[in-house]
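Single-letter residue listing:
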Amino acid sequence: MGLLSDPVRRRALARLVLRLNAPLCVLSYVAGIAWFLALAFPPLTQRTYMSENAMGSTMVEEHFAGGDRARSLARDFAAHRRKSGALPVAWLERTMRSVGLEVYTQSFSRKLPFPDETHERYMVSGINVYGILRAPRAASTESLVLTVPCGPDSTNSQAVGLMLALAAHFRGQIYWAKDIIFLVTEHDLLGTEAWLEAYHDVNVTGMQSSPLQGRAGAIQAAVALELSSDVVTSLDVAVEGLNGQLPNLDLLNLFQTFCQKGGLLCTLQGKLQPQDWTSTDGPLQSVQTLLLMVLQQASGRPHGAHGLFLRYRVEALTLRGINSFRQYKYDLVAVGKALEGMFRKLNHLLERLHQSFFFYLLPALSRFVSIGLYMPAAGFLLLVLGLKISSASTVCLWLASGPPTLGWGELSILGGVGLASLVAPLLVSQAMGLALYVLPVLGQHVAAQHFPVAEAEAVVLTLLAIYAAGLALPHNTHRVVSTQAPDRGWMALKLVALIYLALQLACITLTNFSLGFLLAASMVPAAAVTKPSGPRPLYAALLVLTSPAASLLGSLFLWRELQEAPLSLAEGWQLFLAALAQGVLEHHTYGALLFPLLALGLYPCWLLFWNVLFWK
């Protein structure tokens, strides 16, 4: 404290920070990247463990043996679906009633903001079917959910057959203390969102749906099931939810425990667990798995129907049956036993899952990185901005109180700079961000009328046009106030831009570490070095390559490379355009926040640095 309170020592510290600013920034950035990569190695990873006492062991005996029944029900469901061309609602109602469930339906409809070309839909309407197994040993105060999403182009018949066979098996047991809801949704996530909004009596996305006629208790946990074959070689688990939310780690541990008990092969991000941690192969595979999780979580997309349950404080995950070329294969009985064991242990819960972690990263299914260990990686990157902010603010203070004779030409930059010189760049940059957020959807019909493009293409082209127009407009705005401020007032604008960027990245990192870290890793270097003097073409190229759009494009290439399915330039560009359309659509449909964060926050901030670069 004496160092900070003593004016002489404080001034000496400020001189030291200014003198070593560049080496400290480089060291801090390298330390942040190195810390992140080190998270995949055992010293920074911990073995997963069960924190909830009610689920601390697997001492339950699974009796499910309805594999033949599940396959028969799956074939009947697929036949009726092909015959009707839609979800066979009548057949589902009849089958659920035959196994002793209370059966209800819910109709819903949703007009999308623009046509979804990926799934070829615009005006969406469908019917959800769900059956409730009432708990014989308790009042209907708590419940569990087993859901199967059925899209127009998905082959999930085996999951429906297994769910119905499990419902028949569960109906014959007397130990249930929680209601169990068996839910079949139409149109994938749209049907799931419609049912969740009606169940919790809210409307956050503008969905039109009928009220639910039957309810169970408060939902404690949910499992979404996706199977594409009668046999599976592995079960892949998806944990990333809407806006980067994650389920309680105990739910994932429960899944892994019963997979190990039943001998099922389980994967994360499609990757097997590393077997040898003593060599470099295990940690390198963990780095790939970690990067895949970070990229998926940063996207903010719900990677399965479970992702929408997390919004309502319901712990959930999605299980996908994979049928690949691996030697070991498992039938529906093995998968059913794993689900039975999970639901029996969840049935023991006396309260919601809360004792384990909600913020974590997974380099492997059996290892995790807690929030206290991965946050320093982002902290080191944000420290670069802190050092640059302290340097610029120190210069301002010295100019106000009389700078010492250090011989630095930069100390005279801020002399006489008024706040009026910052108003025009700030307003124009924010106006461009607002236009980027509002105009593509509002002006899609106008663009489609004047150009030979569809509505979805019009939205994407308008996005790109506004984004490119921002490069030409803001860097000339300071001329409006050239009589009120000197031409070299760029330092004041950069100080504001650094503070703006640091605040945004800090807030994003606290809620979605993956997104905050990726944005900081790409944007911080260009933000730190940008200035109107020096090799301006090099700075301009660096700024463009680290812009939000370029970061998104690079993330897509990295994601496919990690999935061992590399893209060509043309394929990457097409995937980039599709990602832009899906990002806007998911924001308006489910409430995903990545698009507004980039359009209203980071893009205007990036334009401020572009303004600094071309300040004359």
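The protein is annotated in an unreviewed UniProt entry as Glycosylphosphatidylinositol anchor attachment 1 of Rangifer tarandus platyrhynchus.

**Quick notes on the overall build of the protein**
Check the secondary structure of the protein and you find 21 helices and 12 strands. Classification of the 616 residues of the protein by burial places 54% in the buried group. A separation of at least 24 residues holds for 80% of the contacts in the protein among residues at least 6 apart in sequence. For the protein, the computed accessible surface area is about 25600 Å², with 62% contributed by carbon and sulfur atoms.

**Remarks on the sheet that holds strand β1 (residues 46-47)**
In space, the three strands of this open sheet follow the order β1-β12-β11, with antiparallel pairing throughout. Here the strands that pair on one side only, and so sit at the sheet edges, are β1 and β11 (360-364). Bridge analysis of β11 against strand β12 (residues 367-370) gives three bridges, and the strand direction is antiparallel. Bridge pairing in β12 places Ala 364 opposite Arg 367.

**Quick look at the packing of helix α17 (residues 513-529) against helix α21 (residues 594-613)**
Two numbers describe how α17 lies on α21: the axes approach to 12 Å, and their chain directions differ by 15 degrees. When the axis of α17 is compared with that of α21, the two are roughly parallel. Seen from above, α17 lies across α21 with right-handed handedness. Residues Leu 515, Leu 519, Met 523 and Ala 527 of α17 pack against Leu 594, Leu 597, Leu 598, Leu 602, Trp 606 and Phe 609 of α21.

**Details of the nonpolar core**
Residues Phe 36, Trp 195 and Leu 501 are the most contacted members of the largest nonpolar core, which totals 111 residues. Looking at this core, the element that brings in the most residues is α21, giving 12 residues. When neighbours within four sequence positions are excluded, Leu 501 is seen to be in contact with Leu 385, Met 523, Ala 527, Leu 602, Cys 605 and Phe 609. In this structure, Phe 64, Met 96, Leu 353 and Tyr 360 belong to the second largest nonpolar core, which totals 72 residues.

**Observations regarding the confidence of the model for the protein**
On average, residues of the protein carry a pLDDT of 85, and 88% of them reach 70 or more. Contacts from residues 404-417, a stretch scored under 50 in pLDDT, to residues over four places away or in other chains number 32 contacts.

**Overview of the pairing of β11**
Here β11 lies mainly inside the structure; five of its five residues are buried. Count of turn residues in the β11/β12 antiparallel hairpin: two residues.

**Considering the sheet that holds strand β8 (residues 234-238)**
Within the open sheet, the nine strands sit side by side as β6-β2-β3-β5-β4-β7-β10-β8-β9. Their pairing is mixed. Looking at the sheet topology across the chains shown, the edges are occupied by β6 (208-209) and β9 (266-268). Pairing of strand β4 (residues 142-150) with strand β7 (residues 218-226) involves six bridges; the strand directions are parallel. Across the sheet, Glu 142 pairs through a bridge with Ala 218, a residue of β7. The sheet strands contacting helix α5 (residues 89-98) are β2 (102-116), β3 (121-133) and β5 (179-186), and the helix crosses β3 at an angle near 10 degrees. Strands β4, β5, β7, β8 and β10 (315-322) of the sheet are contacted by helix α11 (residues 332-346), whose axis makes an angle of about 170 degrees with β7.

**Some details on the pattern of salt bridges**
Counted according to the given criterion, the structure contains 11 salt bridges. A salt bridge links Arg 311 to Glu 193; its shortest N-O distance comes to 3.0 Å. Of this pair, Arg 311 sits in the loop between α10 (306-309) and β10 while Glu 193 sits in helix α7 (residues 189-199), and the two are 118 residues apart along the sequence. Owing to a relative accessible area of 0%, Glu 193 belongs among the buried residues under this scheme. Three or more residues are tied together by salt bridges with common partners; here these are Glu 102, Arg 134 and Asp 179.

**Some thoughts on the environment of Gly 66**
Tracing the backbone shows Gly 66 in the loop between β1 and α4 (67-84). When its relative accessible area of 17% is taken as the criterion, Gly 66 is described as buried. Separated by 98 residues in sequence, Gly 66 and Leu 164 have C-alpha atoms that sit 9.8 Å apart.

**Quick word on the packing of aromatic side chains**
In total, this model carries 21 aromatic pairs according to the counting rule given. Taken together, a centroid distance of 4.9 Å and an interplanar angle of 50 degrees make the contact between Trp 610 and Phe 614 tilted. Among the residues examined, Phe 614 registers a relative accessible area of 19% and is labelled buried. Stacked on the ring of Tyr 199, the Lys or Arg Arg 215 has its end atom at 6.0 Å from the ring centre.

**Structural notes on the side chain of Gln 220**
Within the fold, Gln 220 resides in strand β7. A polar atom in the side chain of Gln 220 sits 3.2 Å from the backbone oxygen of Ala 218. Among residues more than four places away in sequence, those in contact with Gln 220 are Glu 142, Ser 143, Leu 144, Lys 178, Val 314, Glu 315, Glu 351 and Arg 352.

**Quick look at the UniProt feature "transmembrane region" (unreviewed entry) in the protein**
Mapped onto this structure's residue numbering, the UniProt feature "transmembrane region" (unreviewed entry) falls at residues 20-41, 357-374, 380-401, 413-438, 458-474, 495-518, 538-559 and 591-614. Secondary structure content for residues 495-518 is 96% helix and 0% strand, and the end C-alpha separation is 22 Å. Taken end to end, residues 538-559 is 91% helix and 0% strand, and its two terminal C-alpha atoms sit 27 Å from one another.

**A short note on helix α3 (residues 21-38)**
Taking 1.5 Å of rise per residue, the 18 residues of α3 would be expected to cover 26 Å, and the 26 Å separating its terminal C-alpha atoms lies within 8% of that figure. Looking at α3, one finds that the buried residues are Asn 21, Cys 25, Ser 28, Gly 32 and Phe 36. An end-on view of α3 places all buried positions within 65 degrees of arc, on one side of the element. In α3, the exposed positions angled more than 90 degrees off the buried face are occupied by Val 26 and Leu 27.

**Looking at the packing of helix α16 (residues 490-511) against α17**
Two elements in contact, α16 and α17, have axes separated by 8 Å at closest approach and are oriented at 165 degrees. One way to sum up the angle between α16 and α17 is to call them roughly antiparallel. In this structure, α16 crosses over α17, and the sense of that crossing is left-handed. Only Phe 513, Leu 515, Gly 516, Phe 517, Leu 519, Ala 520, Met 523, Val 524, Ala 527, Ala 528 and Val 529 of α17 make contact with α16, whose side of the interface consists of Lys 494, Leu 498, Leu 501, Leu 505, Ile 508, Thr 509 and Thr 511. A class-by-class count of the residues in the contact of α16 with α17 yields 14 nonpolar, three polar and one charged.

About the thresholds
- Residues numbered from 1 in each chain as written.
- Predicted model: local features only at pLDDT ≥ 70, side-chain atom pairs only at ≥ 80, totals over all residues.
- Heavy atoms only, no water.
- Helix = DSSP H or I, 4+ residues; strand = E, 2+ residues; numbered from the N terminus.
- Buried < 20%, exposed > 50% of the residue type's maximum accessible area, 1.4 Å probe, protein only.
- Contact = heavy atoms within 4.5 Å.
- Areas by Shrake-Rupley, 256 points an atom, 1.4 Å probe, with all protein chains shown as cover.
- Pairing = 2+ DSSP bridges.
- Axes fitted to C-alpha atoms, helices over the stretch in contact; angles between N-to-C directions.
- Parallel < 35°, antiparallel > 145°, perpendicular 65-115°, else oblique.
- Left-handed = near helix turned anticlockwise from the far one by under 90°.
- Core = buried A, V, L, I, M, F, W, Y, C linked by side-chain atoms within 4.5 Å.
- pLDDT = per-residue confidence, 0-100.
- Salt bridge = Lys/Arg side-chain N within 4 Å of Asp/Glu carboxyl O.
- Phe/Tyr/Trp six-rings, centres within 6.5 Å; stacked < 30°, edge-to-face > 60°.
- Lys NZ or Arg CZ within 6 Å of the ring centre and 35° of its normal.
- Polar contact = N/O pair within 3.5 Å; in protein donor to acceptor, adjacent residues only side chain to side chain.
- UniProt positions renumbered as here; feature names shortened; annotations may be inferred.
- Expected span 1.5 Å × (residues − 1).
- Arc of directions from axis to C-beta.
- Nonpolar A, V, L, I, M, F, W, Y, C, P; charged D, E, K, R; others polar.

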